[in-house]
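Working through the structure, step by step
Spelled out, the chains give:
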Amino acid sequence: MEKFSERFSDRRLCRISGLFPVILICLLFVSLCGCSMQSDSSSSEKTPEESESATREVYAMDTYMTLTAYGASADDAVSEASRRLYELDAELSATDESSQIYALNNRLSDQVSGDAAAVLSASIRLSSLTEHCFDISVYPLVCAWGFPTREYRIPSGEEINSLLSHTGMEGISFDESTGTVTFADDQMMIDAGAIAKGYASDVVADIFRSHDITSGLISLGGNVCALGSKTDGSDWNVAIQDPSSPSDPNAYAGIVSCSDAFLITSGSYQRYFTEDGKRYCHIIDPSTGYPADNGLASVTVISSSGTEGDALSTALYVMGLERASEFWRNSTDLRFDAIFITEEGKIYVTEGIAGDFESSLAEPEVISRS
Ligand code: ADP
Ligand code: MG
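What comes next is a walk through the structure. (Residues numbered from 1 in each chain as written. Chains lettered and ligands numbered in written order. Predicted model: local features only at pLDDT ≥ 70, side-chain atom pairs only at ≥ 80, totals over all residues. Heavy atoms only, no water.)

Topic: the coordination of the magnesium ion (ligand 2)
To keep things clear, this is the line we draw: Shown as donors are all N, O and S atoms within 2.8 Å of a metal ion, widened to 3.2 Å for Na, K and Ca; because water is not in the atom set, sites may appear incomplete. Numbering goes from the N terminus for both helices and strands, where a helix is a DSSP run of H or I of at least four residues and a strand is a run of E of at least two. Note on classification: 1.4 Å probe, protein chains only; a residue is buried when its accessible area is under 20% of the maximum for its type, exposed when over 50%, partly exposed between these limits.
Every protein donor of the magnesium ion (ligand 2) is listed here as Ala-194 (O), Asp-310 (O), Asp-310 (OD) and Thr-314 (OG1), and their distances to the metal cover 2.1 to 2.5 Å. Each donor residue of the magnesium ion (ligand 2) lies on one chain, and together they are spaced A-x115-D-x3-T. With Ala-194 in the loop between strand S6 (180-183) and helix H8 (196-210) and Thr-314 in helix H9 (residues 306-319), this residue pair connects regions lying 120 residues apart in the sequence. With a relative accessible area of 11%, Thr-314 lands in the buried category.

Here's what the structure looks like:
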């Protein structure tokens, strides 16, 4: 999850990242808070605009998050959002023994409610809308490859085939009226890792809006929500990480100008292991049981929903460039744009975002509707 996006304002750089190193957090802190945007710094040094802003750093969902709000209730907004993020982390984790997902996976309960129920419903819907490339039931395979524990291994073909028979969303029945979940067999398990941060970004955006925040930036480890526009009314500028230099905080592939948008990236540079020179990434192709490996280095989805954007970025990454382009062309239920960066450094953008994306690496090729 060493992915990140960045925001540039006119004179300062704000960096937003996933598992970025401590030094990067300091940079972020300096970038955001060095301009007196920190909520608890002395108000006497602030301009009127700055005194109505607040920034909070949160570590949740295995990643560093930064919340920035502008407006009279900015402090209340980021405080409430931080509390909710810790709650969501506890509720949606597959490894936290107190979570509803853990209880389901370990057959301690067959009930879900609240956020876990909302995420499960969204996951079922989005799996069917993404040709099952997004599939939270791949968790037994994610575990077999060692991603949750970071004890990486290459499972045998036999093991993968056997585990594949315990995956597939058709094996999950969810009765929304009672919250009861039934798995087709005893070995099925689910993992909301590919959608939880996107869902959380929707929750935080709603909290911000409920506090009348019309300008804010929410970065949940690379899942970015540019809420409203900047305080001067201009668009936010969100930079997309150059996947070929994941550890260089200054290496970005391009910048998206946007307002009221979620920008969510999935990529092979985020979490992976290498064996015999081959890279195995943490996104599993549900149809094969192997890590997706189709020449894409990253996919960024731009959407008006964090939940959909997160599921989509994972799904499009699994699909690969050609199938994902076709999927975008034919998609009527899901409205989004996307930026694809290949392992060779080529950039492709869907036409809806082409005019708002500038690349510093390569001239993007536009994917058009026809
Ligand atoms: P990140 O977690 O870095 O934001 P993603 O949103 O793409 O990246 O989610 C990847 C995580 O989701 C993996 O670590 C794994 O837990 C889980 N996962 C892997 N493959 C899939 C898939 N095809 N569908 C749904 N979840 C997946
Ligand atoms: Mg995702």
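So, the pairing of S6
Short version of the rule: One bridge is not enough; two strands pair if DSSP finds at least two bridges between them.
Where burial is concerned, the two faces of S6 differ: the one with Val-181 and Phe-183 is buried and the one with Thr-180 and Thr-182 is not. In textbook terms, the turn of a hairpin is the stretch between consecutive antiparallel strands, and for strand S5 (residues 172-175) and S6 this stretch comprises four residues, one of which, Gly-179, has a positive phi near 80°.

A look at H9
Keep this limit in mind: Multiplying 1.5 Å by the residue count of a helix minus one yields the expected span of that helix. Nitrogen and oxygen atoms within 3.5 Å of one another constitute a polar contact, given that in protein one can donate a hydrogen and the other can accept it, and given that sequence-neighbouring residues count only through two side-chain atoms.
Here H9 spans 20 Å end to end across 14 residues, near enough to the 20 Å set by a 1.5 Å rise per residue. Counted residue by residue, H9 has 14 buried out of 14 residues, so it is predominantly covered. The backbone nitrogen of Thr-307 lies 3.4 Å from a side-chain oxygen of the residue at the head of H9, namely Ser-305. Of the residues flanking the end of H9, it is Gly-320, one or two places downstream, whose phi is positive at about 85°.

Digging into the layout of surface pockets
Convention followed: Here a cavity denotes a set of grid points, spaced 1 Å apart and computed over the protein atoms alone, in which a 1.4 Å probe fits but from which it cannot get out, and a pocket denotes an open set meeting protein on both sides within 12 Å along at least five of seven lines; residues with an atom within 4 Å of a point are reported as lining. Grid points are joined across faces, edges and corners, and a volume is the space filled by probe spheres set on the points. For this scheme, ten residues count as nonpolar: Ala, Val, Leu, Ile, Met, Phe, Trp, Tyr, Cys and Pro. Four count as charged, namely Asp, Glu, Lys and Arg, and the remainder, Gly too, count as polar.
Within this model, the largest pocket holds a volume of roughly 890 Å³. The wall of the largest pocket is formed by 37 residues, among which Asp-191, Ala-192, Gly-193, Ala-194 and Arg-271 lie closest to the centre. Within the residue set of the lining of the largest pocket, elements represented by two or more residues are helix H3 (74-92), helix H6 (139-144), H8 and H9. Tallied by class, residues from the lining of the largest pocket come to 20 nonpolar, eight polar and nine charged.

Concerning the pattern of salt bridges
Heads up, the rule is: When a carboxyl oxygen of Asp or Glu is within 4 Å of a side-chain nitrogen of Lys or Arg, the pair counts as a salt bridge.
According to the stated counting rule, one finds twelve salt bridges in the structure shown. In this structure, Arg-271 engages Asp-62 in a salt bridge whose closest nitrogen and oxygen atoms are separated by 2.9 Å. Within this pair, whereas Arg-271 is found in the loop between strand S11 (261-267) and strand S12 (272-275), its partner Asp-62 is found in the loop between strand S3 (53-60) and strand S4 (63-70), the two being separated by 209 residues in sequence. Arg-271 gets classed as buried once you look at its relative accessible area, which sits at 14%. Given the relative accessible area of 31%, Asp-62 is considered partly exposed. Residue Glu-308 pairs with Arg-125 through a salt bridge whose shortest N-O separation is 3.0 Å. Pair noted here: Glu-308 is in helix H9 and Arg-125 is in helix H5 (residues 114-129), with a separation of 183 residues, a long-range link. By relative accessible area, which is 18% here, Glu-308 ends up buried. Through salt bridges with shared partners, a single network forms among Asp-62, Arg-150 and Arg-271.

Quick word on the packing of H5 against H9
The following threshold applies: To get an axis, fit a line to the C-alpha atoms, keeping to the stretch in contact for a helix; angles then go from 0 to 180 degrees between the N-to-C directions. For classification, angles of less than 35 degrees are called roughly parallel, those exceeding 145 degrees roughly antiparallel, those between 65 and 115 degrees roughly perpendicular, and all remaining angles oblique. By definition, turning the near helix anticlockwise from the far helix through less than a right angle yields a left-handed crossing, and turning it clockwise yields a right-handed one. Between two residues, a contact is recorded if the distance between any of their heavy atoms is within 4.5 Å.
At their nearest, the axes of H5 and H9 sit 10 Å apart, and the two run at 50° to each other. When the axis of H5 is compared with that of H9, the two are oblique. Relative to H9, the crossing made by H5 is right-handed. Listed contacts from H9 to Ala-122, Arg-125 and Leu-126 of H5 are Thr-307, Glu-308 and Ala-311. Along the lines of polarity and charge, the residues of the contact of H5 with H9 split into three nonpolar, one polar and two charged.

Topic: the packing of aromatic side chains
Note the threshold: Planes of paired rings set the category: under 30 degrees apart is stacked, over 60 is edge-to-face and the rest tilted, where pairs are Phe, Tyr or Trp rings (Trp by its six-membered ring) whose centres lie within 6.5 Å. As a reminder, the over-ring test applies to NZ of lysine and CZ of arginine, requiring each to be within 6 Å of the ring centre and within 35 degrees of the ring normal.
A full pass over the atoms with the stated rule returns ten aromatic pairs. Put simply, the rings of Trp-145, Phe-147, Tyr-152, Phe-273, Tyr-280 and Tyr-290 touch in pairs and so form one group of aromatic residues. The ring centre of Tyr-280 lies 5.4 Å from the NZ or CZ of Lys-278, which sits over that ring. If you follow Arg-279 out to its NZ or CZ, it ends over the ring of Tyr-272, 3.8 Å from the centre.

Things to note about helix H10 (residues 321-330)
The criterion, for reference: By construction, the arc corresponds to the directions joining the helix axis to the C-beta atoms.
All of the buried residues in H10 are Leu-321, Ala-324, Ser-325, Phe-327 and Trp-328. Seen end-on, H10 carries its buried residues on one side only, within an arc spanning 160°. Opposite its buried face, H10 presents the exposed residues Glu-322 and Asn-330, each directed more than 90 degrees away.

Some thoughts on the side chain of Thr-130
Structurally, the position occupied by Thr-130 is in the loop between H5 and H6. When near neighbours in sequence (up to four residues on either side) are disregarded, Thr-130 contacts Leu-312, Ala-315, Met-319, Phe-327 and Leu-334.

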